[in-house]
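This is what each chain is made of:
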Amino acid sequence: MNQTAPKINPCDLLRKKRFGGELNEMEIRAFVQGVVDGSIADYQISALLMAICINGMTDRETLALTLEMARSGDTLDLRDIPGVKADKHSTGGVGDTTSLILVPLVAACGVRMAKMSGRGLGFTGGTLDKLESIPGMRVEMPIEAFKRQVTEIGCAIIGQTAQLAPADKVLYALRDVTATVDCMPLVVSSILSKKLAAGCDVVVLDVKSGSGAIMDTPEKSRQLAEKMVRIGNLSGKRFSALITDMDQPLGNYIGNALEVEEAIGILSGRMGGDLRDVSLSLGAHILKNAGAAESLTAGRELLEQKLDSGEGLRKLADMIRAQGGDPRVTEDVSLLPKAKSHVELKADADGYLGRICTSDVGNAAKLLGAGREKKTDIIDPAVGIVMHKRIGDRVRRGESLCTLHVGEHSDRIGAYNLLKRALVIGKEPVQKPPLVHAVVEA
């Protein structure tokens, strides 16, 4: 925790922010400490969140809030790990399996990836849930063991510690019930506080945009990306961001073991597609920002070399083995959990796949059991959806649009109907959406 701030009357902060005033560092420090120690009541915190949502925050306020939230609990000191330490953060999507690809691939290029990830909630998937579909895989470990693995192997992906930015846990729970989740400075401070507390030198942000993202337009996504990069770099770290498309699932496999299978397919060279391309784009930015490549072109070429040589796949196997999992899955995906049955969703007309409601696809996977509504819900690692068509593809009547991988407790009818509504076939050709809408750098 940061140095103790003098006690302050919460009403003074509320009054100041209510009339559009700028809170100073000491006031923000007192507020965050009051959030953590419980000396500020929930209704007062909620009132200040609403005042911030209405009147906004300056960059100076947002930076102060981010830093205080990062210091509100444990902070990782990674300085004893040799070299540059890098991380990547996605704002969340469907079929977004980039971490499982780029973490081992970047590590194979010599940049250490010390990644803390989260679980899925709602229609978005979670990296930890995907990893746990690998038999024996552990995603919880002591920090010293985490640091040792990053030093020796070059990469690790684990869950966030309970005391990492605890202020964010309180604020997020209240934002969720006060309609302030999408408030820009609160989103920025929530994401960046956890990244700063995790201690990496370089962070590349993957800001999603579209029907399966928290920001549904490129304009909103760019505003968020620019704010995060600006505040992140003011903190003294190296931040950049890509705004990537989420108007359709990024990968073709949606569901925990299915997404691991697709990641292995890409690392082995058997699969390609949009997921591969976005992973390489993110990885190239990490390598350039970390000083491991002179340019994005050189970074992408290095990543492709590690793909072609199989070093990326071997690094994934090393990481799985180090975290207690069965590394044989990288050579034999049949060792991953498999669904009991399959259901085909077929096109009912000739035409072109014109639109996908990505959030409905994610919710359909959740109905099958691949996701959770509450953090306590139990998921089925085997179930999910495999997409056979993407936006702009020609389809014929009776052709399979996707395959539902169904479990014993799946709501197959609900998922089927939701998918049928989510995939819209039109008569006229449509353009495929761009993969990367924009790049935001310091």
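Residues numbered from 1 in each chain as written. Predicted model: local features only at pLDDT ≥ 70, side-chain atom pairs only at ≥ 80, totals over all residues. Heavy atoms only, no water.

(A) Fine view of the overall build of the protein. The number of helices and strands found in the protein is 16 helices and 13 strands. Relative to a compact globule of 442 residues, whose C-alpha radius of gyration would be 22 Å, the protein shows 22 Å and is just as compact. Dimensions of the protein, computed from the C-alpha atoms along their principal axes, are close to 65 × 45 × 40 Å. Across the 442 residues in the protein, those meeting the buried criterion constitute 58%. (Helix = DSSP H or I, 4+ residues; strand = E, 2+ residues; numbered from the N terminus. Rg over C-alpha atoms; globule rule 2.2 N^0.38 Å. Buried < 20%, exposed > 50% of the residue type's maximum accessible area, 1.4 Å probe, protein only.)

(B) Just the pattern of salt bridges, in detail. Going through the model one piece at a time under the given rule, you end up with 34 salt bridges. Close ionic contact of R300 with E304 constitutes a salt bridge, the shortest N to O distance being 3.6 Å. Separated by 4 residues within a single helix, R300 and E304 lie in helix α13 (residues 296-309), roughly one turn from each other. Classification of R300 by relative accessible area gives partly exposed; the value is 25%. With its nearest N and O atoms 3.2 Å apart, the salt bridge here joins K306 to E311. What makes E311 partly exposed here is its relative accessible area of 30%. (Salt bridge = Lys/Arg side-chain N within 4 Å of Asp/Glu carboxyl O.)

(C) Up close: the nonpolar core. In this structure, V361, I385 and L423 are the most contacted members of the largest nonpolar core, which totals 75 residues. Setting aside residues up to four positions removed in sequence, I385 forms contacts with N252, Y253, I254, L258, V361, A364, A365, L368, C402, T403 and L419. Formed by 36 residues, the second largest nonpolar core is a distinct cluster that contains A156, L196, C200 and V203. (Core = buried A, V, L, I, M, F, W, Y, C linked by side-chain atoms within 4.5 Å. Contact = heavy atoms within 4.5 Å.)

(D) How the structure looks around the pairing of strand β8 (residues 351-356). Judged from the 2 bridges that link them, β8 and strand β10 (residues 394-395) form a sheet pairing that is antiparallel. Looking at β10, one finds that Y352 is bridged to R394. Sheet analysis places β8 next to strand β12 (residues 423-426), joined by 4 bridges and oriented antiparallel. Looking at the pairing, Y352 lines up with G426 of β12. (Pairing = 2+ DSSP bridges.)

(E) How the structure looks around helix α10 (residues 218-234). Between its first and last C-alpha, α10 extends 24 Å over 17 residues, near the 24 Å set by a 1.5 Å rise per residue. Looking at α10, one finds that the buried residues are S221, L224, A225, K227, M228, V229, I231 and G232. For α10, the elements touching its buried residues are α4 (59-70), α9 (184-197), β4 (202-209), β5 (238-245) and β13 (436-440). Taken from the residues just after α10, G236 is the one with a positive phi, measuring 105°. (Expected span 1.5 Å × (residues − 1).)

(F) Up close: the pairing of strand β11 (residues 400-406). With respect to burial, β11 is a largely interior element, 7 of its 7 residues being buried. Across 6 bridges, the pairing between strand β7 (residues 341-346) and β11 is antiparallel. Residue E344 lies in a different strand from β11, and its bridge partner there is T403. The pairing of strand β9 (residues 384-387) with β11 spans 4 bridges and is classified as antiparallel. Counted as the bridge partner of I385 is L404 from β11.

(G) Representation of the sheet that holds β7. Spatially, β6-β9-β11-β7 is the arrangement adopted by the 4 strands of the open sheet, whose pairing is antiparallel. The sheet is open, and its two borders are formed by β6 (253-254) and β7, each paired with just one other strand. Of the strands in this sheet, β7, β9 and β11 are in contact with helix α16 (residues 412-422), which crosses β7 at around 25°. (Axes fitted to C-alpha atoms, helices over the stretch in contact; angles between N-to-C directions.)

(H) Layout of the layout of surface pockets. Looking at the second largest pocket, its volume works out to about 290 Å³. If you go around the second largest pocket, you meet 15 residues; those closest to its centre are T75, L76, L196, G199 and K237. Every element with two or more residues in the lining of the second largest pocket is listed here: α4 and α9. When its residues are assigned to classes, the lining of the second largest pocket shows 6 nonpolar, 3 polar and 6 charged. (1 Å grid on protein atoms, 1.4 Å probe; cavity = no way out; pocket = protein on both sides within 12 Å on 5 of 7 lines; lining within 4 Å. Points joined across faces, edges and corners; volume = space filled by probe spheres on them. Nonpolar A, V, L, I, M, F, W, Y, C, P; charged D, E, K, R; others polar.)

(I) Spatial organisation of the packing of aromatic side chains. Summed over the entire model, instances satisfying the criterion amount to 0 aromatic pairs. Here the basic side chain of R394 rests over the ring of Y352, its NZ or CZ set 5.1 Å away from the ring centre. (Phe/Tyr/Trp six-rings, centres within 6.5 Å; stacked < 30°, edge-to-face > 60°. Lys NZ or Arg CZ within 6 Å of the ring centre and 35° of its normal.)

(J) How the structure looks around the side chain of Q323. Of note, Q323 is situated in the loop between α14 (311-322) and β7. Residue Q323 is classed as buried on the basis of its relative accessible area of 0%. The contacts of Q323, once residues within four sequence positions are left out, are G136, M137, R138, V139, M141, Q149, A156, I157 and I158.

(K) How the structure looks around the environment of A145. For A145, the location among the structural elements is in helix α7 (residues 143-153). On a C-alpha basis, the gap between A145 and D12 in space is 45 Å, while along the polypeptide they are 133 residues apart.

(L) Geometry of the environment of R328. Here R328 is to be found in the loop between α14 and β7. The sequence separation of R328 and I134 amounts to 194 residues, and the corresponding C-alpha distance is 9.9 Å.

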